[in-house]
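# Overview (structure and organization)
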Amino acid sequence: VQLQASGGGLVQAGDSLRLSCVSSGRTFSSYGMGWFRQAPGKEREFIATISGSGGGTYYADSVKGRFTISRDNAKSTVYLQMNSLKPEDTAVYYCAQANQHGVTVSNYGYWGQGTLVTVSS
């Protein structure tokens, strides 16, 4: 499995950004997908997850109402729409493919390379 994340960049507080992650290697629609982030000096943090069909989503409290995870199974792509960005959202964002349902790093067996999001105040 290969995951290629893109879409990061430098934005100002209050701006929006959409991250994309293209998957290859196994049947995309059969697996849940997640987004995590890691700020400098901090542990990798769960952000959002979506079921294989796209019918179920779950968010961390820190992003609920601002971020939206979605997927296009025809394109083997998962997205993270980020609105109302804050400086504390600055981190490297990683997409991941789940081996089992959950919100911890250990639930995900495959990881993208990460894309940097920097939010200036």
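Preceding this paragraph is the structure being described.
The model shown is predicted, which means the values in this text are computed figures rather than measured ones. (Residues numbered from 1 in each chain as written. Predicted model: local features only at pLDDT ≥ 70, side-chain atom pairs only at ≥ 80, totals over all residues. Heavy atoms only, no water.)

### Considering the sheet that holds strand β3 (residues 17–24)
Read from one edge of the open sheet, 4 strands run β1-β3-β8-β7, paired in antiparallel fashion. Where the open sheet ends on each side, the last strands, each with one partner, are β1 (2–6) and β7 (67–72). Across the sheet, the axes of successive neighbouring strands diverge by a mean angle of 15°, strand direction being ignored. The pairing of β1 with β3 spans 5 bridges and is antiparallel. Pairing of Gln2 across the sheet is with Ser24, part of β3. (Pairing = 2+ DSSP bridges. Helix = DSSP H or I, 4+ residues; strand = E, 2+ residues; numbered from the N terminus. Axes fitted to C-alpha atoms, helices over the stretch in contact; angles between N-to-C directions.)

### Considerations on the pattern of salt bridges
All told, the structure shown has 4 salt bridges when counted by the stated rule. The partner of Glu45 in a salt bridge is Arg37, with the nearest N and O atoms 2.9 Å apart. A relative accessible area of 30% places Glu45 in the partly exposed class. Between Arg66 and Asp89 there is a salt bridge, with its nearest N and O atoms 2.8 Å apart. One end of the pair, Arg66, is in the loop between β6 (57–59) and β7; the other, Asp89, is in the loop between β8 (77–82) and β9 (91–98), and 23 residues separate them in sequence. (Salt bridge = Lys/Arg side-chain N within 4 Å of Asp/Glu carboxyl O. Buried < 20%, exposed > 50% of the residue type's maximum accessible area, 1.4 Å probe, protein only.)

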